[in-house]
Amino acid sequence: MSVSTAAVAQTVCAPLPVLGRDVTVPLVTGGEVGYAALDYAASAPALQRVWDDVAAYAPYYGSVHRGAGYLSQLSTDLFENARRTVAEFLDCRPDDQLVFTRSTTDSLNLLAAALPAGCQVFVFETEHHASLLPWKDARVTCLDAPRTPGQAVAALESALAGRDPHGPALVCVTGASNVTGELWPVRELAAAAHAHGARIVLDAAQLAPHHPVSVRDLDVDWVAFSGHKLYAPFGSGVLAGRADWLRAAEPYLAGGGASRKVTRRQDGGVDVEWHESAARHEAGSPNVIGAYSIASACKALTEAGFDTLVAREQYLVEKVRTGLARVPEVRVLSLFGDDAPRVGVISFVVDGWNSSHFAAALSAEYGIGVRDGLFCAHPLVRTLLGSDPRSQGECGAPDAAPGEKSLNAIRVSFGAGTPDEHVDRFLAAVRELVTEGAKWTYRTEDGRCVPAV
């Protein structure tokens, strides 16, 4: 450990309390061990604070917006206060709208449905599928993976310079990669977008749990993120930003709550007057518990202090990267290089191992949960691994098209609730698996590597 890292380790806070920290899991080699949850990038565990807040509210749960009873009124206040809390967390502009959705994927599909006619969309191939795929009804320009932040800005500027200057345009970019953890130059990309008359939406699914996100400071037009990655796993997400495209669009879903007035026509049809507020895109009974849980998580992270949380996470990032660098068989995946700033998301491959086999062994023999595969970012992972000449084992190798190499990687991810012991155990397990091999036999079942019984 370097002197600077040791100094950080002495000053950062203890991990925030999360659910599951006392869960034990069985090992195929016998006995049980405390589960090491190192798959935060997929779904982070619930903060104890979030769980306690939801449990305290649950007896008072009621219908939102359209009830005269006390519990309905209380739930409505809770829901709208949650909207204000999340808007403050994101440092939204006064005239921004904040819509509660199901997830980041849902948020970006909502925005895609609200695009003006003829809108051009610019997106890098490095995006998560949630921000790569929703734009099917627009003219999409997919940009190659950049190898530096500067290349990303230059590539976007070049693409925007060649676009139709008279029509609307939208840039979609991630804040932190769900594969490499690297931070993207969001502020610079936003400046490039606006200089060419385009708008920009930020996929903050992997950024918001790790760093403060300010809509105003980053100068983005919209931001989207998911509660389940922000320690609030109750099926809710957020789309926040400029209101004009959202107000002009047809409601994302048609139904109660989105409609202000519905009248019957003489021809047997109905005429509808839709809300212009966020309710326009929140048809049906809102997920008040999901919204409240996100607001609770926002408060908890704000009160803990992002400066302190970031310092502790960077200490863990350095520990993991240093530990993996000591294993020659391990190659960490990166777009921007070793010195690029990143959050607690690190993907790698191991020489001679199929990643599914390696991840299965970490789980079955050490009680460590990581992710393997292509991480819903297939173009990016294929770009990072496409020319890798290293051979891989057969167990769990996913099906590949004829003539195409089977590719997958391992991802370890962590955050505010991760104790040092989980990281230390993970690094020790990697070294042991590489030097001594797996202690158990594994087989492929439904495309996955699992312990042989």
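Reading the values: rules and limits
Residues numbered from 1 in each chain as written. Predicted model: local features only at pLDDT ≥ 70, side-chain atom pairs only at ≥ 80, totals over all residues. Heavy atoms only, no water. Pairing = 2+ DSSP bridges. Helix = DSSP H or I, 4+ residues; strand = E, 2+ residues; numbered from the N terminus. Axes fitted to C-alpha atoms, helices over the stretch in contact; angles between N-to-C directions. Contact = heavy atoms within 4.5 Å. Phe/Tyr/Trp six-rings, centres within 6.5 Å; stacked < 30°, edge-to-face > 60°. Buried < 20%, exposed > 50% of the residue type's maximum accessible area, 1.4 Å probe, protein only. Arc of directions from axis to C-beta. Salt bridge = Lys/Arg side-chain N within 4 Å of Asp/Glu carboxyl O.

A. Structural context of the sheet that holds strand 16 (residues 371-373). Judged by pairing direction, the sheet is antiparallel, and its four strands sit side by side in the order 13-14-17-16 without closing on themselves. Looking at strand neighbours, the two that pair on one side only are strand 13 (330-332) and strand 16, the edges of this open sheet. For this sheet, the mean inter-axis angle between neighbouring strands, taken without regard to orientation, is 30°. In the packing of helix 12 (residues 355-366) onto the sheet, contacts are made with strand 14 (345-350), strand 16 and strand 17 (409-413), and the angle to strand 14 comes to roughly 115°.

B. Main features of the packing of aromatic side chains. A full pass over the atoms with the stated rule returns 12 aromatic pairs. Ring geometry for tyrosine 57 against tyrosine 61: centres 6.3 Å apart, planes inclined by 75°, an arrangement best described as edge-to-face. For tyrosine 57, a relative accessible area of 4% translates into the label buried. Judged by its relative accessible area of 46%, tyrosine 61 is partly exposed. Between tryptophan 184 and phenylalanine 336, the ring centres sit 5.4 Å apart and the planes meet at 55°, which makes this aromatic pair tilted. Of this pair, tryptophan 184 sits in the loop between strand 7 (169-174) and helix 7 (186-195) while phenylalanine 336 sits in the loop between strand 13 and strand 14, and the two are 152 residues apart along the sequence. For the residue pair tryptophan 184 and phenylalanine 336, the accessibility class agrees, reading buried in each case. Members of the aromatic cluster, each reached through a chain of ring pairs, are Phe348, Trp353, Phe358 and Phe426.

C. Seen up close, helix 13 (residues 378-385). Taken as a whole, helix 13 has its buried residues at Leu380, Val381, Leu384 and Leu385. The arc that holds every buried residue of helix 13, seen down its axis, measures 115°, which confines them to one face. Its buried side turned inward, helix 13 meets strand 13, strand 14, strand 16 and strand 17.

D. Looking closely at the pattern of salt bridges. In the structure shown here, the tally under the stated rule is 24 salt bridges. Notably, a salt bridge pairs glutamate 303 with arginine 49, separated by 3.0 Å at the nearest N-O pair. You can see glutamate 303 sitting in helix 10 (residues 288-304) and its partner arginine 49 sitting in helix 2 (residues 48-57), a full 254 residues away along the chain. Residue glutamate 303 is classed as exposed on the basis of its relative accessible area, which comes to 59%. In this structure, a network of salt bridges that share partners links the residues Arg312, Lys319, Asp420 and Asp424.

E. Up close: the sheet that holds strand 9 (residues 222-226). The seven strands lie next to each other as 4-10-9-8-7-5-6, forming an open sheet whose pairing is mixed. Only two strands of the sheet have a single neighbouring strand rather than two, namely strand 4 (97-101) and strand 6 (139-143). Ignoring which end each strand starts from, the neighbouring axes of this sheet average 20° apart. As paired elements, strand 8 (residues 199-203) and strand 9 share three bridges and run parallel to each other. Counted as the bridge partner of valine 201 is tryptophan 222 from strand 9. Most of the contacts of helix 4 (residues 104-113) go to strand 9, to which it runs at about 150°, and overall it touches strand 4, strand 7, strand 8, strand 9 and strand 10 (237-241).

Worth remembering: the numbers are spatial, not functional.
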